Amino acid sequence: MNKKHHHKKKPGFFKKWSAKLHLWFGLGIGFLIFIISITGALYVFKDEVENFTRKDVIYHQEQNIEQKQVLPIRIMEKSVAEQVKEKYPVHWVNIPIDKKLSYVFYWYEHNTDAWNYFDEFPVYKAAYVNPYTGKVLRVYDEKNGFFNIVKMIHWSYLLKQDWGTYVVGIPVIIFIIMLISGIILWWPKNKAARKQRFAFKWKNIKSWKRKNYDLHNVLGFYASIFALIFSITGLFYAFFVVQAMIYVLFSGGETKYPDFSHIKTKAPIELRTEGTLDKIINTVKQKYPDSYGFAIDLGHEHMDDHEHPNFEVYVKHLSYSYHKSSSLIFDENSGELLHTHDQKDKNFGEKVVGSNYDIHVGSILGLPTKIIAFIVSLICASLPVTGFMIWWGRKKKKPLKTA
């Protein structure tokens, strides 16, 4: 009695071309996606690492602070400038609400004529300062720091960010297509195949090719939805159209982002004094006593200066995340508060746009989402490697010997 030979059903046109695209794109951009993913994984725990390595200067250790006053901001700035001796002026200062924390003064200049990261930013450094004495506790060269270089590789491959973000963004668009085509290829044909696709069945498997194949398929499937979210939130920074689409989608069809540029400084410049910024700082502290902190621009001229219609202060409400924030507009001459835009005033589209960074780096819900971002980034970094090994294994597959 002759045995029936069951011929393997050929894949349909759609699945066949999905496989071809998945392969061609993978071979074309695999290395770039590996770089983007591995740098993303390295950056996830930046805050935790820096909070540990800088803990001796994040807290200034000044005693009896309840009986002391912080120095006026201009006096503090002058003291910091004399100690650091940086040729560029201080750009801004981060002011914490917690009195035990140090102020952080930043030097940051942007050269728009440069073509690479190192020339584009002549200076980017931070000084941790005791606000009660003006003493500089330590200065960090953020520009050449490990995490900032990792971030800028992830952001623009260390190219000028105006176009380097496109060089990163285009492979990410292709990666999204690969995620979709990967799901199409992964999709099981029947119940028996479905059991193999959701878990590793390696009990009696010794072949490294089969294990590698399962790593690519199973891990790729479980990471795909998160990888898609991280990819789209990354494209937010590369293409303005993505920002616009996200806002329109989540704001319920609103096409115009709230604009407060019409609220301008009106008081005469003669009203501006050395204490104007202190007045603004005290107003913010009194208005948001439970927030984490805020940033104050010190008003000097910079390399990439552009017109500021008003003086805006950004207030960060959480220590681990940026998605809950407020913005205040002041008259920079009189120090009068002109406008407040709190979290509760924002439409849902504004809140989603404001959450984009925290979603992208995994800090939106703190440590749990950071762990997810870290694991998914590592899986995304592994996919080009396991995918290449699948292709290489098939390419090197020996033909069957004929009798």
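Refer to the structure printed above.
Residues numbered from 1 in each chain as written. Predicted model: local features only at pLDDT ≥ 70, side-chain atom pairs only at ≥ 80, totals over all residues. Heavy atoms only, no water.

Peer 1: What should I look at first to understand helix α6 (residues 146-156) in this one?
Peer 2: An α-helix turns once per 3.6 residues; consequently, residues spaced three or four apart project the same way. By the burial criterion, the buried members of α6 are F147, N148, V150, M152 and S156. Once α6 finishes, Y157 follows within two positions and takes phi at roughly 55°, a positive value. (Buried < 20%, exposed > 50% of the residue type's maximum accessible area, 1.4 Å probe, protein only. Helix = DSSP H or I, 4+ residues; strand = E, 2+ residues; numbered from the N terminus.)

Peer 1: What should I look at first to understand the sheet that holds strand β3 (residues 123-129) in this one?
Peer 2: Strand pairs in the sheet, formed through backbone hydrogen bonds, run parallel or antiparallel to each other. In spatial order, the strands read β4-β3-β2-β1-β5-β6-β7-β8; together these 8 strands make up an open sheet with antiparallel pairing. Of all strands in the sheet, those with a lone pairing partner are β4 (136-140) and β8 (337-341), marking the two edges. Between one strand and the next, the sheet's axes are offset by a mean angle of 20°, whatever the strand orientation. Each of β1 (92-96), β2 (103-109), β3 and β4 is contacted by helix α4 (residues 73-84), which is oriented at about 65° to β2, the strand it contacts most. (Pairing = 2+ DSSP bridges. Axes fitted to C-alpha atoms, helices over the stretch in contact; angles between N-to-C directions. Contact = heavy atoms within 4.5 Å.)

Peer 1: I'm lost on the nonpolar core in this one. Help?
Peer 2: Among soluble globular proteins, nonpolar side chains are generally buried collectively. By size, the foremost hydrophobic cluster in this structure holds 30 residues, and its most contacted members are I29, I36, F175, A227, L235, I246 and V376. Counting only elements with at least two residues in this core, the list comes to α1 (13-43), α7 (161-186), α9 (208-238), α10 (240-250), α12 (348-361) and α13 (367-395). Per-element tally for this core: the top contributor is α7, with 7 residues. When sequence neighbours within four positions are dropped, the list of residues in contact with I246 reads I232, F236, V352, V353 and N356. With 28 residues, the next largest nonpolar core counts V90, F105, V284 and F311 among its residues. (Core = buried A, V, L, I, M, F, W, Y, C linked by side-chain atoms within 4.5 Å.)

Peer 1: Sorry if this is basic, but what is going on with the packing of aromatic side chains here?
Peer 2: The geometry of an aromatic ring pair is captured by two quantities: the separation of the ring centres and the angle between the planes. Counting across every chain of the model gives 24 aromatic pairs. Taking the centre distance of 5.2 Å and the plane angle of 65° together, the rings of F221 and Y222 count as edge-to-face. On the basis of relative accessible area, Y222 is assigned to the partly exposed category, the value being 44%. Aromatic pair F236 and Y237: ring centres 5.1 Å apart, planes at 75°, arrangement edge-to-face. On the basis of relative accessible area, Y237 is assigned to the partly exposed category, the value being 25%. Cation over ring: R54 sits above Y140, and NZ or CZ is 3.8 Å from the ring centre. (Phe/Tyr/Trp six-rings, centres within 6.5 Å; stacked < 30°, edge-to-face > 60°. Lys NZ or Arg CZ within 6 Å of the ring centre and 35° of its normal.)

Peer 1: Quick question: what am I supposed to make of the pattern of salt bridges here?
Peer 2: Once the charged atoms of two side chains with opposite charge are near each other, the side chains can pair. Taken as a whole and judged by the stated rule, the model has 14 salt bridges. Across the pair D47 and K46 runs a salt bridge whose closest N-O atoms are separated by 3.5 Å. The residue R138 makes a salt bridge to D56 at a minimum N-O spacing of 2.5 Å. Here R138, found in strand β4, pairs with D56, found in helix α3 (residues 55-58); they are 82 residues apart in sequence, far enough to count as distant. We classify R138 as partly exposed; its relative accessible area is 29%. Through salt bridges with shared partners, a single network forms among K46, D47, E50, R54 and E142. (Salt bridge = Lys/Arg side-chain N within 4 Å of Asp/Glu carboxyl O.)

Note that all results are geometric; they support no functional claim without further evidence.
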